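Here is how the chains run, residue by residue.
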2 protein chains.
Amino acid sequence: MTLDNLTSQNGEWLSGSGPQQDIVISSRVRLARNVASYPFMSKANRLQRTELHRLVRENLLQAPSTGAGRTVFYVDMEKTDEIDRQLLVERHLISKQHAAGEGARGVAISNDEALAVMVNEEDHLRMQILRSGLQLREAWQEADKLDDLLQQHLDFAFSQRFGFLTACPTNVGTGLRVSVMLHLPALKLTGDIEKVFRAAKDMHLAVRGLYGEGTEAIGDFYQVSNQTTLGRSEEEILAEFNDVIIPRIIQAELAARQILENERPLALDDRIGRAIGVLKYARLLSSEETLYFLSHLRLGVVMKRVTGLDLPTINSLFLQTQPAHLQRLLGKQLEGDARKSARAEFVRNKVGKNNL
Amino acid sequence: MTLDNLTSQNGEWLSGSGPQQDIVISSRVRLARNVASYPFMSKANRLQRTELHRLVRENLLQAPSTGAGRTVFYVDMEKTDEIDRQLLVERHLISKQHAAGEGARGVAISNDEALAVMVNEEDHLRMQILRSGLQLREAWQEADKLDDLLQQHLDFAFSQRFGFLTACPTNVGTGLRVSVMLHLPALKLTGDIEKVFRAAKDMHLAVRGLYGEGTEAIGDFYQVSNQTTLGRSEEEILAEFNDVIIPRIIQAELAARQILENERPLALDDRIGRAIGVLKYARLLSSEETLYFLSHLRLGVVMKRVTGLDLPTINSLFLQTQPAHLQRLLGKQLEGDARKSARAEFVRNKVGKNNL
C-alpha cells in the first residue's frame, strides 16, 4: 500500500456504510501517549527525536502490535512532499500541524484508513481510529485494544494521580478525545445552527471546521469533540458523548430537515437545484465553493429530493476536489485559475454525467 | 389590437433587428407638449383634465394624425387594472408615474409599439418613438413628423423666447429627450462602468436604470439620456448624442468585451456558465436576479460563446419574466414564492429546452 493507492479509494470512514450516515460522516477516537523514557517533544533534542521515531515506528510496523488483522504501512514525513502531506490532512489521517512540522516524524496507516498513528506530533504517539457514521463505541474498543497492544512494547508515561501524561494539560488523564464529523446543512439553512453551538459550548464541547482546530466550518461540516479528559473515565466520556450529546444534535438536524421539507420545500429545492446548476455549469470552482455546493447536493441526496447519485459518490467528491487530491488525481501541480478550471471540469465530468 | 396581443409579441424595439443590437437595445426620442388653451397638469382641475383627455385622445385616434401608416389603439388608464398598467411600464410604453397616477389619462400605442403618446402625464402630451438598436435619427424623424401632424389639430404652448413650454423647466425649449437603452455587461465585469458614468456626468447626461428615473441599473441595462434641452436645436442635441457620445460608450463596451475574451476567457465563460446553470436549475427566481443572469447569458450569446439561443428569444425573456408579463402570460395573479416559482419554471422551460 502506498499513497498512490490511497488517492483512488474511499477510506472506510467515507464508505457511507456506518450508522446515521445521513448526518454523521465519521466517528473518531484519539489517544495521546508518550514514551516514558523520553522527554516530551518540546524538550526532546534532535537525536532523542530521531531515536524515538525509529523506536515507535518499528513497534507500529510489527503486525501483532496493531492487531485486528489490519495491515499497516508507514509514511515518513521527512521523505514526503508537500502535496502528499496535504493529501493526508485532507483524508484526516494527520493533523495540519503534523504536515507543517519539522524533524523526524511520521504516521502509520492501516490499509482501510481506519487506523492512523502519528509519531512525534504534539505527543510521541497520537493513535486515531476513524470509522464511518456513528460508531464511537466500536472506535473506542479498537483504540483501547491498540493501546493495550502497544503497551506490551512501549512504556507509556503514566502518573497514579493524573493518569496518562501528555504535552498539553488538556489531554492529561485518559489522553482521550472523541469527536464526530457532522453534516448539518439544514440547521445552517434554518439558522438554528447557532443554538446548537451555544448548547455545545455549555456542555464544554468544541465545535470546529472540516480540518480540526483553527479551521472554518465549510460545506456545513462540523467537527464536535469533547474538551476535558481529566478526572473522568473513558466510559463516562464516551457514554455522554455517544448516547446523549450526539443524538441530540442529530435530532436537531432531523427536525430542521423536516421543517425545510414541510414548510419551505420550494426554497429547499431551489438551494439543491442551484447547487446542481453551478456544479454542472461553472468553469471555475474554488475548493471552498465546491464544498458549499456539494453540501447542498448531499442534502438533496439524503433527503431523496435528488435521484441518480449515491452517497459514496458524493462523499468521495468532497475529498477528490480538495487541492492535494485534485492535483494527485490529475497528475500535475496546478495553481490559481488553472486549478479552479481543472476542478470545475472534474466536477462537471462527475456530476454532469448523471441526469440530475 | 389589445393588451392581450401585446403580451405575446416582441415590440419592434425588442426585435433584435436594429443597428448595434449587441449593445444598444433601443433608441428613444420623446417630445413634451402642452395644449395652449389648457393649464399645465398641476393647475388643471378635474373637468379641464377630463376635457383635455377627450380632446387629445380623439385627435390621436384619427389615422392621419399619427401618420406613417401606423395603426393606433388607445388605453384608458382609469379603465386599466394595475397589472396591465405595470405591463405597459415593463414594455416602456408608459412611465411608472403614469401607471401610478390618478384621474383622466391614457396612452395611444401603435400596433408595433414604436409609437406611444401618453396623455395627461407630467405634460399634456408625451410623444415617444421607440426603435430597436441605434436608430436615433430615424426615431427623431418620426417624432418630428408626428409632432407636425398633431400641430395641425392641436395648438401647442410655445414661446418665441423659450420655445415649447413644459411643466418642468428642464424640458422647456425643444421638449426633446433622446435616450438609448444600453446593455453594458462587460464594462460592469471589468469594473470600468464607473469611468463611463463619470464621463457621462461630465457631459451632462443622465444614466438611469431599466425603467427610467429613480430605478436601479439591473441586468446591466443603462438608460443614457440628454439632460438639457434649452438653448440648443434638436439637430445639435441629436448629432452630439448619436454621433459622438453613444459611439464612445459602445467602443468602451466593445473594448471591455475584448479584454474579457483575451485576458479572462475562463472567468467570462464561468460567468456565462453559472448563469445558464442557475437559469436551468433554480426553483425560485426573483425578477431582478433573472435579469442579472439573463444579462450574462445575453453576453454569452452576442459574444458567440453560447450557441443555440438567438437574440430575440433572450430579449423577449427579459420582458416575459417581469412581474406583470409573467402573470399575464400565466393567466393568474401570483405573489411571493408562488410567483418566483412560476418564473423559475417559465425560464426553465424556455432555457432548458435549448441544449446549452
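Residues numbered from 1 in each chain as written. Chains lettered and ligands numbered in written order. Predicted model: local features only at pLDDT ≥ 70, side-chain atom pairs only at ≥ 80, totals over all residues. Heavy atoms only, no water.

(A) Spatial organisation of the relation of the copies chain B and chain A. Under the fitted operation, chain B is carried onto chain A by 0.1 Å of movement along the axis and a turn of 180°, and the coordinates agree to an RMSD of 0.0 Å. The symmetry that links the two subunits is that of a two-fold axis. The C-alpha atom lying nearest the rotation axis in chain B is that of Gly277(B); the distance is 1.9 Å. Take the interface residues of chain B: 100% of them recur as interface residues in chain A, which is what a same-surface contact looks like. (Least-squares fit on C-alpha atoms with pLDDT ≥ 70 in both. Contact = heavy atoms within 4.5 Å.)

(B) Region of the structure containing the environment of Leu326(B). All names here are of chain B. By the secondary structure assignment, Leu326 is in helix α13 (residues 323-330). For the pair Leu326 and Leu87, spaced 239 residues apart in sequence, the C-alpha separation works out to 9.4 Å. Every residue in contact with Leu326, bar those within four places of it in the chain, is listed here: Gln320, Thr321, Arg339, Ala342, Arg343 and Phe346. (Helix = DSSP H or I, 4+ residues; strand = E, 2+ residues; numbered from the N terminus.)

(C) Looking closely at helix α8 (residues 193-202) of chain A. Residues and elements named next belong to chain A. Along α8, the residues that are buried comprise Ile193, Val196 and Ala200. For α8, the buried positions fall inside an angular range of 55° around the axis, keeping them on one side. Turned more than 90 degrees away from the buried face of α8, the exposed residues are Lys195, Arg198, Lys201 and Asp202. Close packing links the buried residues of α8 with α7 (185-190), β9 (205-208), β10 (221-226) and α9 (234-263). At the exit of α8 stands His204, carrying a positive phi of roughly 60°. (Buried < 20%, exposed > 50% of the residue type's maximum accessible area, 1.4 Å probe, protein only. Arc of directions from axis to C-beta.)

(D) Layout of the interface of chain B and chain A. The interface of chain B with chain A comprises 19 residues on the first partner and 19 residues on the second. Buried surface at the junction of chain B and chain A, summed over both partners, amounts to about 1,500 Å²; 63% is from carbon and sulfur atoms. In this assembly, chain B and chain A are joined by 2 salt bridges. Here Arg274(A) ties to Glu289(B) by a salt bridge, and the two come within 2.6 Å at their closest N and O atoms. On inspection of chain B and its partner chain A, the count reaches 10 residue pairs in polar contact (both at pLDDT 80 or more). Those elements that provide at least two residues to the side of chain B that touches chain A are α10 (265-281) and α14 (336-352) of chain B. Here the element with the most residues in the side of chain B that touches chain A is α10(B); it accounts for 11 residues. Of the residues contributing to the side of chain B that touches chain A, the split by class is 9 nonpolar, 3 polar and 7 charged. (Buried area = accessible area lost by both parts, 1.4 Å probe. Salt bridge = Lys/Arg side-chain N within 4 Å of Asp/Glu carboxyl O. Polar contact = N/O pair within 3.5 Å; in protein donor to acceptor, adjacent residues only side chain to side chain. Nonpolar A, V, L, I, M, F, W, Y, C, P; charged D, E, K, R; others polar.)

(E) Fine view of the domain arrangement of chain A. Residues and elements named next belong to chain A. We note that the domain assignment places domain 1 (3-255) and domain 2 (265-352) within chain A. For domain 1 and domain 2, the distance between their C-alpha centroids amounts to 27 Å. With 26 residues of domain 1 at the interface, the matching set in domain 2 holds 23 residues. When domain 1 packs against domain 2, the two sides together hide about 2,200 Å² of surface, and 62% of this comes from carbon and sulfur. (Domains from an automatic or database assignment.)

(F) Region of interest: the side chain of Ser287(A). Take Ser287(A): it is sitting in helix α11 (residues 287-302). Once you skip the residues sitting within four places of it in the chain, Ser287(A) turns out to touch Thr321(A), Gln322(A), Pro323(A) and Arg343(A).

(G) The nonpolar core, seen in detail. Judged by nonpolar contacts, the single largest core of 177 residues is most densely connected at Ile246(A) and Ile246(B). The residues touching Ile246(B), leaving out its near neighbours within four places in the chain, are Leu134(B), Val180(B), Leu182(B), Val224(B) and Phe241(B). (Core = buried A, V, L, I, M, F, W, Y, C linked by side-chain atoms within 4.5 Å.)

(H) Structural detail: the packing of aromatic side chains. The final tally for this structure, using the stated rule, is 8 aromatic pairs over all chains. In this structure, Arg33(A) packs its charged tip against the face of Phe164(A), placed 3.5 Å from the ring centre. (Phe/Tyr/Trp six-rings, centres within 6.5 Å; stacked < 30°, edge-to-face > 60°. Lys NZ or Arg CZ within 6 Å of the ring centre and 35° of its normal.)

(I) Representation of unusual backbone geometry. Residue and element names in this part refer to chain A. The phi dihedral of His92 is positive, around 60°, even though this residue is not glycine. Looking at where His92 falls in the secondary structure, it is placed in the loop between α4 (82-90) and α5 (96-100). A positive phi is found at Glu113, a non-glycine position, where the angle reads about 65°. Tracing the backbone through its elements, the reader meets Glu113 in the loop between β3 (106-110) and β4 (115-119). Relative accessible area serves as the criterion here: at 0%, Glu113 is assigned to the buried category.

(J) Just the packing of helix α10 (residues 265-281) of chain A against α10(B), in detail. It is the contact of α10(A) with α10(B), at a shortest axis distance of 8 Å, that shows an interaxial angle of 145°. The interaxial crossing formed by α10(A) with α10(B) has right-handed handedness. Where α10(A) abuts α10(B), its residues Gly273(A), Arg274(A), Ile276(A), Gly277(A), Val278(A), Lys280(A) and Tyr281(A) lie against Gly273(B), Arg274(B), Ile276(B), Gly277(B), Val278(B), Lys280(B) and Tyr281(B). Residues that form the contact of α10(A) with α10(B) fall into these classes: 6 nonpolar, 4 polar and 4 charged. (Axes fitted to C-alpha atoms, helices over the stretch in contact; angles between N-to-C directions. Left-handed = near helix turned anticlockwise from the far one by under 90°.)

(K) Main features of the sheet that holds β3(A). All names here are of chain A. Overall, antiparallel pairing links the 8 strands, which are arranged β2-β3-β4-β5-β1-β8-β10-β9 in an open sheet. Looking at which strands have only one partner, the edges of the open sheet turn out to be β2 (72-76) and β9. This sheet shows a mean twist of 20° between the axes of neighbouring strands, independent of strand direction. Summarising the sheet, β9 and β10 pair through 4 bridges and their orientation is antiparallel. Residue pairing across strands places Val207 opposite Val224, the latter belonging to β10. (Pairing = 2+ DSSP bridges.)

(L) Expanded view of the pairing of strand β10 (residues 221-226) of chain B. All names here are of chain B. Among the 6 residues that make up β10, 6 are buried, leaving the element largely enclosed by the rest of the structure. Burial of the side chains of β10 extends over both faces: Phe221, Gln223 and Ser225 are buried on one face and Tyr222, Val224 and Asn226 on the other. Of the strand pairs in this sheet, strand β8 (residues 176-183) and β10 are connected by 5 bridges, and their pairing is antiparallel. Each bridged residue has a counterpart across the sheet, and for Ser179 the counterpart in β10 is Ser225.

(M) How the structure looks around the pattern of salt bridges. Tallied over the full model, the rule gives 42 salt bridges over all chains. In this structure, the salt-bridge partner of Arg305(A) is Glu261(A), at a minimum N-O distance of 3.1 Å. Placement of the pair is Arg305(A) in the loop between α11 and α12 (311-320) and Glu261(A) in helix α9, with a sequence separation of 44 residues. With a relative accessible area of 29%, Glu261(A) lands in the partly exposed category. A salt bridge links Glu142(B) to Arg131(B), with the shortest nitrogen-to-oxygen separation between them at 2.6 Å. Of this pair, Glu142(B) sits in helix α6 (residues 136-151) while Arg131(B) sits in strand β5 (residues 125-132), and the two are 11 residues apart along the sequence. When its relative accessible area of 17% is taken as the criterion, Glu142(B) is described as buried. On the accessibility criterion, Arg131(B) (16% relative accessible area) is buried.

(N) Structural view of helix α14 (residues 336-352) of chain A. With 17 residues, α14(A) ought to run about 24 Å at 1.5 Å a step, and its terminal C-alpha atoms sit 23 Å apart, in line with that. What α14(A) keeps buried is the set Arg339(A), Ser341(A), Ala342(A), Arg343(A), Ala344(A), Phe346(A), Val347(A) and Val351(A). Elements in contact with the buried residues of α14(A): α10, α11, α12 and α13 (323-330) of chain A together with α10 of chain B. (Expected span 1.5 Å × (residues − 1).)

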